Amino acid sequence: MTAQTSIPQLGSPLRFYWQMGLPPRLGHFPALLRSRVVGKSVAIICGVFLLGAHLSAQAAVFAVTNTADSGAGSLRQAILDSNTSAGVLDTIMFNIPGAGVRSIIPLTVLPTITDPVIIDGYTQSGSSANTMAVGNNSVHLIELNGNGANFPCLTITAGSSTVRGLVINRFNGNGPANAINLLTNGGNKIEGCFIGVSADGTTAQSNNGLAIDIESSPNNTIGGATAAARNVISSNHGTSGRTRQVLPTRVVISTACK
Ligand SMILES: [Ca+2]
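In this text, all values refer to a predicted model and were calculated from it rather than measured experimentally. (Residues numbered from 1 in each chain as written. Predicted model: local features only at pLDDT ≥ 70, side-chain atom pairs only at ≥ 80, totals over all residues.)

A closer look at the overall build of the protein
Helix and strand counts for the protein come out as 4 helices and 15 strands. Classification of the 258 residues of the protein by burial places 38% in the buried group. Considering only residue pairs separated by 6 or more positions, the protein has 75% of its internal contacts joining residues 24 or more positions apart. (Helix = DSSP H or I, 4+ residues; strand = E, 2+ residues; numbered from the N terminus. Buried ≥ 20, exposed ≤ 12 C-beta atoms within 10 Å, placed from the backbone. Contact = placed C-beta atoms within 7 Å.)

Some points on the pairing of strand 5 (residues 142–145)
Both faces of strand 5 are covered, namely the face carrying Ile 142 and Leu 144 and the face carrying Glu 143 and Asn 145. Pairing geometry for strand 5 and strand 8 (residues 167–169), over 3 bridges, is parallel. Directly across from Leu 144, in strand 8, lies its bridge partner Ile 168. (Pairing = 2+ DSSP bridges.)

Regarding unusual backbone geometry
With phi around 50°, Ser 160 is a residue other than glycine that occupies positive phi space. Along the chain, the position of Ser 160 falls in the loop between strand 6 (154–156) and strand 7 (162–164). The backbone of Ser 216 shows a phi angle near 55°, a positive value even though the residue is not glycine. With respect to the element layout, Ser 216 can be found in the loop between strand 12 (212–215) and strand 13 (221–222).

Regarding the nonpolar core
In this structure, Cys 153, Leu 166, Ile 168, Ala 179, Ile 180 and Ile 212 are the most contacted members of the largest nonpolar core, which totals 42 residues. Element by element, the count of residues in this core is highest for helix 4 (residues 75–84), at 3 residues. Once you skip the residues sitting within four places of it in the chain, Ile 168 turns out to touch Leu 144, Cys 153, Ala 179, Ile 180, Cys 193, Ile 195 and Asn 207. (Core = buried A, V, L, I, M, F, W, Y, C linked by C-beta atoms within 7 Å.)

Concerning the sheet that holds strand 13
Sheet architecture is open: 6 strands sit in the order 1-2-4-7-10-13, paired in parallel fashion. Two strands lie at the open edges of the sheet, namely strand 1 (61–64) and strand 13, each paired on one side alone. Relative to strand 7, strand 4 (residues 117–120) runs parallel, the two being bridged by 3 bridges. Residue Ile 119 lies in a different strand from strand 7, and its bridge partner there is Val 163. Of the strands in this sheet, strand 1, strand 2 (90–94) and strand 4 are in contact with helix 4, which crosses strand 1 at around 165°. (Axes fitted to C-alpha atoms, helices over the stretch in contact; angles between N-to-C directions.)

Some thoughts on the sheet that holds strand 8
If you trace the 5 strands from one edge of the open sheet to the other, you get 3-5-8-11-14, paired in parallel fashion. Each edge of the open sheet carries a strand with a single partner, namely strand 3 (102–104) and strand 14 (232–233). With 3 bridges joining them, strand 3 and strand 5 adopt parallel strand pairing. Bridge pairing links Ile 104 to Leu 144 in strand 5.

Points about the environment of Leu 141
With respect to the helices and strands, Leu 141 occurs in the loop between strand 4 and strand 5. Once the C-alpha coordinates of Leu 141 and Val 167 are considered, the two residues, 26 residues apart in sequence, prove to be 7.9 Å apart. Among residues more than four places away in sequence, those in contact with Leu 141 are Val 101, Arg 102, Gln 124, Gly 126 and Ser 127.

Treat this as a map of the structure, not an account of what it does.
Rendered as structure tokens:
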């Protein structure tokens, strides 16, 4: 005798299996109930899958561990990785062995930053942000050295990005060698950077273009109200000398001499 023939007399399939001490079989349940069971199972599986996908999309920290132009551990690779994880605000930090200023010399233009990111030069051990209300006692150890390049250093179209604690100098070839381009999307922050000067902030090492060129990019903050946020911007050769904004935008500029 199969269980199926007895189900109508015993009420629900679950009651039958419970009374008979048998494990339930899905095929013995009414079609509607089967569809609900299957549907909930699919929903649970989908939920687990989506949760896994969400967890895998969490923000990452990409470490720059050498001064090489490209390859694993390079700044170029970190930017590529950050761009690849689209829609996720990642952080690029620095952990380059050695002593003194770590000078990264891009041999070709770095990838455009197309996904919001935080690039934080102050993550390099031994560096620190300014704490002085007057003057500047920051220690910069990460330098992006153009070494005569005729291309810009950083171009950001993603918006909502932060560049902090970097030295950007010597992008001074014969070309539009701005230190930083902020294009398209806004809401970027440029803080605690030295642009157009040496890492110790005392010697002019010019960029041939603008320090920061802001075009069609609204609501950027250059510097800020805190001592740590102040930039040192000097000795850049662009049209307006230091920065340019083409469209109206909220720009907070604070600079400090070393
Ligand atoms: Ca990303």
